[in-house]
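# Architecture at a glance
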Amino acid sequence: MSRRTPPSNDKPIAVDGDQWSILRDMLPYLWPAGHPGLKVRVVLAMVALVLSKVVTVATPYAFKYATDALTGKADIATTAVTVIIFLVLAYGLGRIMMVVLAQIRDAVFAKVSQRAVKELAVRTFRHLHALSLKFHLERRTGGLSRIVSRGTMGIDTVLRFSLFNTFPTILEIALVAGILAWSYGWLYAAVILATVVAYVWFTYAATEWRINIRRDMNAADTEANTKAVDSLLNFETVKYFGNEEHEVKRYARSMETYEQAAIKTWVSLSVLNSGQAVVYSIGLTVVMIMSALSVKAGHSSVGDFVMINALMIQLYMPLNFIGSSYREIKQGLIDVEQMFTLLKVNAEIKDKPGAKPLHVGPAEVVFENVSFAYDPARPILKNLSLRVPPGKTVAIVGPSGAGKSTISRLLYRFYDVNGGRILIDGQDISQVTQTSLRAAIGMVPQDTVLFNDTIRYNIRYGRPDATDEEVVAAARMAQINDFVMSLPKGYDALVGERGLKLSGGEKQRVSIARTILKGPPILILDEATSALDSFTEHQIQAALRKVSENRTTLVIAHRLSTVVDADEIIVLERGQVAERGTHDELLAENGIYAAMWNRQRQVDQAREILKEAEKEGHHVIELKEDAARRQATSYTP
């Protein structure tokens, strides 16, 4: 199977540079299929846009006639005070309508643009969840968060400027040039067009120069945000080692890079704005000199001079919008391109065409000659075969790195096997839908991470439509209800970022309750009681045994005392089955399992002696126990 390797987390996501293809991909959101109401809004916004430009170009005519009437150059009929007042009022009304129509346009179009922002943001979020575990292990959460945040803001910018600035600006320039050519001669239009061409050329050249500066600033911004999020997520670790200043300095270095890039961005913007002003001012000066000479020669009136000046001044705004529109569109596309690049990353694990839902009956799990490697140079599982009979409990033990946790990841299909196949009730899990597969499996992981929400929310996450009574029943079975009820807010108590307000044992019990609530036919316990004290462990073990009744259960264990009642124990070594049998059978073989068991028995005996000898300093005892336990599970022949 061909696989696409995600980019390294040390480098920003690469972009293909085809920003116009990104713009084309976004344009369908301006005419949303299946939403006739939004299409009507687009039409109304365009009507308001055209009317606004017609009023903008027509308004200076009222200014011209009022000026001629005041200077006595107009017909006698137009010199009446009432007519002059009417012309001035018409000019004022025109100025008002220019603004009002533009605001109506923006208000009507708001729902269209914000719907596009929402749909693209949701699409990206859904796609990120569809990507493989491998992708997320190699990316940094802070960087991904910043890319999505910046991209959603860029979407609105690109849509608005591409529709409401570029098109109307071209329309207004064409109208002004046409009016001046018709009324005053083609030379005026030629000067205007030359000014526009020079202005656009300079804007394009300067903006292209600024693109790399903007990209550098975005990269520095992403890097700084990544370090900040990473540091705050690991707040406790920072405190353990007293590295607050180290983290501040690390963040400050990233912000210094961002500072320098931001300064270059603002300086380059000043250069761009200054150059645009120079080009336009030269064109304006030439046109006004031509008009002044025409008035002096008697070919034009003062009103014509005023009207040309008003048209040119009004032209500066849309002409400036050409520059700012191009600049904003390009910068918006830079902000959006990484988001669109994320959307182009292929999900490694996909449902096969025509994949059907998994139909779970007895819930038999079979691994047939499964081989797998995260890195081809370092195989993890080698032709592994095992069977978990329906309703039975099979435990997998072995030293660290033997491939125990990999088995659970493959069963969940976070990765596809390199060889062999995995079957549930005779159905190859690579041929069924991922949603149905994962709905049939419950997981209590070794390292429980909770959402920064209430205890109720975290338990209900196992089945979002569960009632409060069902949540409480699951909590009771997981031996956590009494603790929850002792809290001031009970089930509405917040657990904090990643559940840091709870102890390791409390988090583990919430995780167990969550899985109990899900009620899956297949259960995976990845050292589910590793964070619990001995007393609570016995309680939870009893609860887990009850939960496991009539369920196919796969137990991944380091602490061998938790698997003595398993129907079968499989000992992994270097990705292969080294031994298999019941607890008593494996002890009788006097092999790897027996050696690990004896070491852990020595740990238990040492623990009892230490408890008697050291009535105080319990933390020392726990550290010694942990070290001995790790030594016992790191058996090498």
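Residues numbered from 1 in each chain as written. Predicted model: local features only at pLDDT ≥ 70, side-chain atom pairs only at ≥ 80, totals over all residues. Heavy atoms only, no water.

## Overview of the packing of aromatic side chains
The full count for this structure, using the stated rule, is 7 aromatic pairs. Plain terms: the ring middles of Phe451 and Tyr461 are 4.5 Å apart, the flat faces sit at 40° to each other, and that makes the pair tilted. Separated by 10 residues along the polypeptide, Phe451 in the loop between strand S6 (441-444) and helix H12 (455-460) and Tyr461 in the loop between H12 and helix H13 (468-477) bring together distant segments of the chain. Given a relative accessible area of 36%, Phe451 falls into the partly exposed group. A network of ring pairs unites the aromatic residues Phe372, Tyr374 and Tyr415 as a single cluster. (Phe/Tyr/Trp six-rings, centres within 6.5 Å; stacked < 30°, edge-to-face > 60°. Helix = DSSP H or I, 4+ residues; strand = E, 2+ residues; numbered from the N terminus. Buried < 20%, exposed > 50% of the residue type's maximum accessible area, 1.4 Å probe, protein only.)

## Observations concerning the UniProt feature "transmembrane region" (unreviewed entry) in the chain
Feature annotation in UniProt places "transmembrane region" (unreviewed entry) on residues 42-63, 83-104, 158-180, 186-207, 277-295 and 301-322, given in this structure's numbering. Overall, residues 186-207 shows 100% helix and 0% strand. The separation of its end C-alpha atoms is 31 Å. A distance of 26 Å separates the end C-alpha atoms of residues 277-295, which is 100% helix and 0% strand. (UniProt positions renumbered as here; feature names shortened; annotations may be inferred.)

## A word on the packing of H13 against helix H15 (residues 504-518)
Packed helix pairs are characterised by how far apart their axes lie and by the angle those axes make with each other. At a closest axis distance of 8 Å, the pairing of H13 and H15 adopts a crossing angle of 125°. Overall, the two elements H13 and H15 adopt an arrangement that is oblique. The chirality of how H13 crosses H15 is right-handed. Taken together, the residues of H15 that come into contact with H13 (itself represented by Glu470, Val471, Ala474, Ala475 and Met477) are Ala513, Ile516 and Leu517. For the contact of H13 with H15, the residue count by class is 7 nonpolar, no polar and 1 charged. (Axes fitted to C-alpha atoms, helices over the stretch in contact; angles between N-to-C directions. Parallel < 35°, antiparallel > 145°, perpendicular 65-115°, else oblique. Left-handed = near helix turned anticlockwise from the far one by under 90°. Contact = heavy atoms within 4.5 Å. Nonpolar A, V, L, I, M, F, W, Y, C, P; charged D, E, K, R; others polar.)

## Some thoughts on H13
Because each turn of an α-helix spans 3.6 residues, side chains separated by three or four positions in sequence point in the same direction. For H13, the set of buried residues is Val471, Val472, Ala474 and Ala475. Each buried residue of H13 lies within a common arc of 160° when the element is viewed along its axis, so the set occupies one face. Seen from the open side of H13, the exposed residues pointing more than 90 degrees away from its buried face are Glu469 and Arg476. (Arc of directions from axis to C-beta.)

## Remarks on the pattern of salt bridges
Opposite charge on two side chains permits pairing when their charged atoms draw close. Going through the model one piece at a time under the given rule, you end up with 11 salt bridges. Between Arg250 and Glu247 there is a salt bridge whose closest N-O contact spans 3.5 Å. Here the residue Arg250 and the residue Glu247 both occupy positions in helix H8 (residues 244-296), the gap between them amounting to 3 residues, near one helical turn. You can call Arg250 partly exposed: its relative accessible area is 25%. Glu247 gets classed as buried once you look at its relative accessible area, which sits at 17%. The partner of Asp492 in a salt bridge is Arg456, and the shortest N-O contact between them spans 3.3 Å. With a gap of 36 residues between them, Asp492 in the loop between helix H14 (481-486) and H15 and Arg456 in helix H12 connect regions that are remote in the sequence. Linked by salt bridges that have partners in common, Arg456, Arg460, Asp468 and Asp492 make up one network. (Salt bridge = Lys/Arg side-chain N within 4 Å of Asp/Glu carboxyl O.)

## Topic: the environment of Val472
Residue position: Val472 is located in helix H13. When its relative accessible area of 18% is taken as the criterion, Val472 is described as buried. Along the sequence, Val472 and Ile459 sit 13 residues apart, while their C-alpha atoms lie 9.0 Å from each other. Setting aside residues no more than four positions away along its own chain, Val472 makes contact with Asn481 and Tyr491.

## Details of the nonpolar core
Of all hydrophobic cores here, the largest spans 39 residues; its most connected members are Val397, Ile455, Ile459, Tyr491, Val563, Ile569 and Tyr593. If you list the elements that add at least two residues to this core, you get strand S3 (393-397), H12, H13, H15, strand S7 (522-526), helix H16 (534-548), strand S9 (568-573) and helix H18 (592-613). With 5 residues, H15 is the single largest residue contributor to this core. If you count residues domain by domain, this core takes at least three from each of domain 2 (365-583) and domain 3 (590-631). Not counting the four nearest positions on each side in its chain, Ile459 is found in contact with Val471, Ala475, Tyr491, Val510, Ala513, Arg514 and Leu517. Grouped together as the second largest cluster of nonpolar side chains are 32 residues, Val365, Ile407, Leu411 and Ile424 included. (Core = buried A, V, L, I, M, F, W, Y, C linked by side-chain atoms within 4.5 Å. Domains from an automatic or database assignment.)

## Section: the sheet that holds strand S8 (residues 552-556)
With mixed pairing, 6 strands are arranged side by side in an open sheet as S6-S7-S8-S3-S9-S10. The open sheet has two edge strands, S6 and strand S10 (576-581), and neither has a second partner. Shown here is a sheet whose adjacent strand axes are inclined to one another by a mean of 20°, direction ignored. Pairing geometry for S9 and S10, over 5 bridges, is antiparallel. Directly across from Ile570, in S10, lies its bridge partner Arg580. Along the sheet, helix H10 (residues 404-411) contacts S3, S6, S7, S8 and S9; its crossing angle with S8, the most-contacted strand, is approximately 145°. Set on the sheet, H15 makes contact with S6 and S7; between it and S6 the angle comes to about 170°. (Pairing = 2+ DSSP bridges.)

## Some points on the sheet that holds strand S1 (residues 365-372)
Spatial ordering of the open sheet is given by S2-S1-S4-S5, a layout of 4 strands whose pairing is antiparallel. The open sheet is flanked by strand S2 (381-388) and strand S5 (427-428), the only strands paired with a single partner. Across 5 bridges, S1 lies against strand S4 (residues 419-424) in antiparallel orientation. The partner of Glu368 across the bridge, within S4, is Arg421. Across the sheet, H10 lies against S1, S2 and S4, angled at about 110° from S1, the strand it touches most.

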